[in-house]
Amino acid sequence: MKILNTLQERHQAGKKSIAVLIDPDKIDDPVRLSNLLRLANENCVDYFFVGGSLITTTNLSDVVKQIKETVSIPVILFPGGSLQIDSSADAILFLSLISGRNPDLLIGQHVVAAPILKNNRLEVMPTGYILINSGRTTSVAYISNTTPIPEDKYSLAACTALAGEMLGLRLIYLDAGSGAEREINAKMINTVRKAVDVPLIVGGGINTSQKAFNALEAGADLIVIGNALEKNPDLLIEISDRVYDWNQSVEARK
Ligand code: 1GP
């Protein structure tokens, strides 16, 4: 089954998922990556996101290859630009940065990437990407040359997501940016959740299991954890326990 369909089914059933974000730039040691892969595998992580807003190294393919050779968890590219395409992954978030007004990231890069994607087997997942202000300027805000939506402008974010859904985007990704000072607040997640029917991805600054739980409770379908695992890989155990408990309680209510 396609990943998009799985996410839609899980969303409709009220079940939650976890993605671990791997930024190839931060993987300087294959041993560290294999430890993270083992931990992810043992803790029922649903997806790997691979990418970053600025990749300065050339090891994207090596990272994807190592994941594919080690575990059967699907790899979804989370590209910072049209150069970050690797056909050995399973899928790609085809991101349109709809919170910004940078035409290159709304449609320009997509025109360059489309013929490449047409000719390979990656599942293309059309995604409305919405940046929310989270304190100090994040790499993604700087590199994308866009202004994130202020964190208390709930209806602005909701209307942005709604417009994305009406344009046919199949996922909405609310991102505070990697290593964000503040994660996206529950009211913001909940307001956007109520505005759209598509699955909602939430990430940026989730560095405790309580923050992960808050995001799930507010309506996130898939939470993305990256930075925090660099310092504390065992956080994944705590977060996956909470997601497991959540999904068990959904099963028990059936
Ligand atoms: C960033 O949403 C992702 O785009 C994950 O953020 O690295 O802060 O977990 P963190």
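Okay, so let's go over this structure. Keep in mind it's a predicted model, so treat the numbers as computed, not measured.

Rules used in this analysis
- Residues numbered from 1 in each chain as written.
- Predicted model: local features only at pLDDT ≥ 70, side-chain atom pairs only at ≥ 80, totals over all residues.
- Heavy atoms only, no water.
- Helix = DSSP H or I, 4+ residues; strand = E, 2+ residues; numbered from the N terminus.
- Rg over C-alpha atoms; globule rule 2.2 N^0.38 Å.
- Buried < 20%, exposed > 50% of the residue type's maximum accessible area, 1.4 Å probe, protein only.
- Contact = heavy atoms within 4.5 Å.
- Areas by Shrake-Rupley, 256 points an atom, 1.4 Å probe, with all protein chains shown as cover.
- Lys, Arg positive; Asp, Glu negative; His and termini not counted.
- Charge placed at Lys NZ, Arg CZ, Asp CG, Glu CD.
- Core = buried A, V, L, I, M, F, W, Y, C linked by side-chain atoms within 4.5 Å.
- Near = heavy atom within 4 Å.
- Polar contact = N/O pair within 3.5 Å; in protein donor to acceptor, adjacent residues only side chain to side chain.
- Nonpolar A, V, L, I, M, F, W, Y, C, P; charged D, E, K, R; others polar.
- 1 Å grid on protein atoms, 1.4 Å probe; cavity = no way out; pocket = protein on both sides within 12 Å on 5 of 7 lines; lining within 4 Å.
- Points joined across faces, edges and corners; volume = space filled by probe spheres on them.

Across its full length, the chain carries 10 helices and 8 strands. A globule of 254 residues ought to have a C-alpha radius of gyration of about 18 Å, and the chain, at 17 Å, matches this closely. Seen through its principal axes, the chain has C-alpha atoms that stretch 45 × 45 × 35 Å. Taken across its 254 residues, the chain has 52% of its residues classed as buried. Restricting the contact set of the chain to residue pairs at least 6 apart, pairs at least 24 apart contribute 73%. Surface summary for the chain: the accessible area is close to 11700 Å², and the carbon and sulfur share equals 53%. The averaged location of the 28 negative side-chain charges in the chain is 5 Å from the averaged location of its 24 positive side-chain charges.

As a further point, take the nonpolar core. Ranked by size, the top nonpolar core spans 61 residues in total, and within it Ile22, Phe48, Ile67, Ile172, Leu174 and Ile223 carry the most contacts. Per-element accounting of this core gives the leading share, 6 residues, to helix 10 (residues 235–253). Non-local contacts of Ile22, meaning those with residues more than four positions away in its chain, are made with Ile27, Leu33, Leu36, Leu37, Phe48, Phe49, Val50, Gly51, Val63 and Ile67. Leu21, Leu131, Tyr173 and Leu222 belong to the second largest nonpolar core, which has 23 residues in total.

Attention now goes to the site of the ligand. Taken together, 13 residues sit near the ligand, with Asp175, Ser178, Gly179, Gly226 and Asn227 positioned nearest. A distance of 2.8 Å separates an oxygen atom of the ligand from a polar atom in the side chain of Tyr173. If the ligand stood free it would expose 300 Å²; the protein chains cover 97% of that surface. Residue classes in the shell around the ligand are distributed as 4 nonpolar, 8 polar and 1 charged.

Further remarks concern empty space enclosed by the protein. Within this structure, the stated rule accounts for 1 cavity of 30 Å³ or more. Considering only enclosed or pocket space, the largest cavity measures out at about 100 Å³ in volume. Every residue lining the largest cavity is listed: Leu21, Ile22, Asp23, Lys26, Ile27, Arg32, Leu33, Leu36, Gly226, Leu229 and Glu230. Mapped by element, the contributors of at least two residues to the lining of the largest cavity are strand 1 (17–22), helix 2 (30–42) and helix 9 (227–231). A per-element tally of the lining of the largest cavity places helix 2 first, with 3 residues.

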